[in-house]
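Summary of structural features
Each chain, written out:
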There are 2 protein chains.
Amino acid sequence: MTKSTTRNLTSRGRATRDRIVETAARVIMARGVAGTTIQDVMAEAGVSTSQVYHYFSDKSELVAAVIEFHAGLGDPGAPADLDSVEKLETWCRNAIRTQVERDFIGGCELGSLASELAETSEGVRMQLVQAFASWEAPLRRGLRAMHARGELREGTDPDDLALALLAALQGGILLTQTRRDIAPLRAVLTTVMARVRDSVVAPTL
Amino acid sequence: MTKSTTRNLTSRGRATRDRIVETAARVIMARGVAGTTIQDVMAEAGVSTSQVYHYFSDKSELVAAVIEFHAGLGDPGAPADLDSVEKLETWCRNAIRTQVERDFIGGCELGSLASELAETSEGVRMQLVQAFASWEAPLRRGLRAMHARGELREGTDPDDLALALLAALQGGILLTQTRRDIAPLRAVLTTVMARVRDSVVAPTL
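The text that follows walks through the structure, step by step, so that each part is easy to find. Predicted model only: the values in this text are computed from it and were never measured.

1. A short note on the interface of chain B and chain A
- Every contact between the two is made by 41 residues of chain B and, on the other side, 41 residues of chain A.
- Summed over both partners, the interface of chain B with chain A comes to about 3,300 Å²; 68% of that surface belongs to carbon and sulfur atoms.
- Of all residues in chain B, Glu119, Leu175 and Thr178 of chain B give up the largest surface area on contact with chain A, accounting jointly for 18% of the area buried on that side.
- Counting every contact that joins chain B to chain A gives six salt bridges.
- Residues Arg195 of chain A and Asp198 of chain B are paired through a salt bridge, measuring 3.0 Å at the closest nitrogen-oxygen approach.
- The tally of links from chain B across to chain A stands at 10 residue pairs in polar contact (both at pLDDT 80 or more).
- Listed by contribution, the elements that provide at least two residues to the side of chain B that touches chain A are helix H6 (109–117), helix H7 (122–148), helix H8 (158–179) and helix H9 (183–199) of chain B.
- The greatest single-element share of the side of chain B that touches chain A, amounting to 15 residues, is contributed by H8 of chain B.
- Residue composition of the side of chain B that touches chain A, grouped by class: 22 nonpolar, 11 polar and eight charged.

2. As for the pattern of salt bridges
- A complete count under the given rule lists 34 salt bridges over all chains for this structure.
- With its nearest N and O atoms 2.8 Å apart, the salt bridge here joins Arg144 of chain A to Asp159 of chain A. Pair noted here: Arg144 of chain A is in helix H7 (residues 122–148) and Asp159 of chain A is in helix H8 (residues 158–179), with a separation of 15 residues, a long-range link.
- Three or more residues are tied together by salt bridges with common partners; here these are Glu136, Arg140, Arg144 and Asp159 of chain A together with Arg179 and Asp181 of chain B.

Parameters at a glance
Residues numbered from 1 in each chain as written. Chains lettered and ligands numbered in written order. Predicted model: local features only at pLDDT ≥ 70, side-chain atom pairs only at ≥ 80, totals over all residues. Heavy atoms only, no water. Contact = heavy atoms within 4.5 Å. Buried area = accessible area lost by both parts, 1.4 Å probe. Salt bridge = Lys/Arg side-chain N within 4 Å of Asp/Glu carboxyl O. Polar contact = N/O pair within 3.5 Å; in protein donor to acceptor, adjacent residues only side chain to side chain. Helix = DSSP H or I, 4+ residues; strand = E, 2+ residues; numbered from the N terminus. Nonpolar A, V, L, I, M, F, W, Y, C, P; charged D, E, K, R; others polar.

Here you go:
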């Protein structure tokens, strides 16, 4: 838990806290958690020591707020419902376009944090699990809706497909980041979506 | 390039250098590159300052040797040939078993390094690309052999499937590590392999 939850803040306090967290998210994305100091964040956000320590007791609280921030965003590329092959393919195309627009730099905000922090403490790990779950939720909701409408073949587990898509996104982005090349992300999303397509029952005409 | 290539070493020098690199790989796996000092490695390997600096000018050279070490191992779970669906499925089962045996702790040696180091320098990034390529090679070789024998449907790109499998492995391990649960790795490898199965031409009987 962070020192001050956003609940108890004035709108001005909340804006300052948000600025600190968003700045920290940006700096951490560029340098990693280990490479980021509270001083770096203060300098980038243009806030004083007393302001930062008003909201966060220490760096670990600030990092926790950054994970919460990414979890709260959910998957920024996810539309409200992903309950058709076409909508899921659009989600994949958005993920691909985002990496192309970033010149393949930086990787996935959440994946990079998870890789760096998964082994640091049980509390941080649980936060990362929650954050991934919030990204997985729209995929799962969409595939479950398709399943409930009888659109997926018998034996198809919509939760497994949702998890496979999230894992494909993570691994694809990591290889795409490393290679500076969209091929890995495109190949793995194409392959998983081809399987989703194969799982759809052909309609009676 | 490291200060002394292994070529110019006596067998005893080579053994010492190998011990330093293997120890560094283990310590980095547990604490990350940023969390590991040359002193940590010296203490763990039981070697002196002068010994370490005889082989490596600085930490970045030692890290480079660790990446080379993982690349040289290739994918430790890969048998010589992966040129059938059954052999590829065995490769997947080995990857799953490895994570179960490790209690899902630590993630992928190479994936964790890539996530931490991909943005540090162009030289390190290229080393990581090579290391991933050495893991991808047996998958690609196996699927290309199947393709050359006419076992894959027309339009199937064996290189795309190999890349998809490597990306699935990476993303699956990251989520499995974070969740301490085999479900993500199993779901994504099952999904990609189902697609590989679908790509195989049924034999004429």
